[in-house]
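# Architecture and fold: a report
So the chains spell out like this:
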Amino acid sequence: GHQGGSPDLAASMRAARVISSELQRPVLLESILRITMGTAGASRGLLMLRGGDGWAIEAESHASTARVDVARRTVTVSGDPVQDDVSMLFSPAVFALAESTGEPVVLDDAPKNGPFVLDPYISQTQTRSLVCMPLSRGGAAGGMLWLEHGLSAGVFTPARVENLHQLAAQAVVPGILSSYVDV
């Protein structure tokens, strides 16, 4: 019988726990992004962490190339759409909402429905499905997971978002925030 993907989640959890206990930072970030993208069905992902100098994109991955870029890029996330340094990597407005509420922002068909139809990033990239999930251990978010699927609407179902949430809480957050981020 099909159990709705729960074996996948259990396997992802085990993999992420092993990874977070063993690897060097760039490999750790790369592996976390791969696992979370696979769990969610994303075509592109960003992992952002808050450090002493503010937010930085620590890893970026595209499912199509199977490559993960772990060159750290500091980004200014003020919610000001004029800032071109981040505007084509992700939406500062979506990021700001997730950061301020502490809750995941999930968009099912971003160019057509919802509050971000006119967002510069979404209107330019036409990214259809999107989830921006804060990563925290109580208190303010120390990390942010940005996952998107450019071509398909409704990719990030409530079940997938819940799986991501569990994966983040049990494996991702302890792995990255305890080691690297002053939360």
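Residues numbered from 1 in each chain as written. Predicted model: local features only at pLDDT ≥ 70, side-chain atom pairs only at ≥ 80, totals over all residues. Heavy atoms only, no water.

### A few points about the overall build of the protein
Check the secondary structure of the protein and you find 6 helices and 7 strands. Starting at the N terminus and ending at the C terminus, the protein contains elements arranged as α-α-β-β-β-β-α-α-β-α-β-β-α. In the protein, which comprises 183 residues, the proportion classed as buried is 45%. Counting only contacts in the protein whose residues sit at least 6 apart along the sequence, the fraction spanning at least 24 positions is 55%. (Helix = DSSP H or I, 4+ residues; strand = E, 2+ residues; numbered from the N terminus. Buried < 20%, exposed > 50% of the residue type's maximum accessible area, 1.4 Å probe, protein only. Contact = heavy atoms within 4.5 Å.)

### Some points on the side chain of D109
Tracing the backbone through its elements, the reader meets D109 in the loop between strand 5 (105-107) and helix 5 (120-125). Reaching out from D109, the side chain makes a polar contact with the side chain of R128 at a distance of 3.0 Å. Excluding anything up to four places from it in sequence, D109 contacts R128 and A153. (Polar contact = N/O pair within 3.5 Å; in protein donor to acceptor, adjacent residues only side chain to side chain.)

### Re the confidence of the model for the protein
Of the residues in the protein, 76% reach a pLDDT of 70 or more, and the chain-wide mean stands at 79. Ranking the elements of the protein by mean pLDDT puts helix 3 (residues 84-87) last, at 53, and strand 5 first, at 96. Scored below 50 in pLDDT, residues 1-5 shows 0 contacts in the model against residues more than four places distant or in partner chains. (pLDDT = per-residue confidence, 0-100.)

### Describing the pattern of salt bridges
Under the definition given, this model contains 5 salt bridges. One salt bridge in this structure joins R34 and E30, with 3.2 Å as the shortest N-O distance. Of this pair, R34 and E30 both sit in helix 2 (residues 25-40), 4 residues apart, which is roughly one turn of the helix. Each of the salt bridges in this network shares a partner with another, and the network as a whole consists of R44, E60 and E148. (Salt bridge = Lys/Arg side-chain N within 4 Å of Asp/Glu carboxyl O.)

### Considering helix 2
Helix length check: helix 2, at 16 residues, gives a terminal C-alpha distance of 22 Å against a target of 22 Å (1.5 Å per residue), a fit within 8%. Among the residues of helix 2, those classed as buried are L28, L29, S31, I32, L33, I35, T36, M37, T39 and A40. Positive backbone phi, approximately 80 degrees, marks G41, located one or two places after helix 2. (Expected span 1.5 Å × (residues − 1).)

### Side note on helix 4 (residues 92-101)
Every buried residue of helix 4 is accounted for by P92, V94, F95 and A98. The buried residues of helix 4 all sit within an arc of 160 degrees when viewed along its axis, so they share a single face. (Arc of directions from axis to C-beta.)

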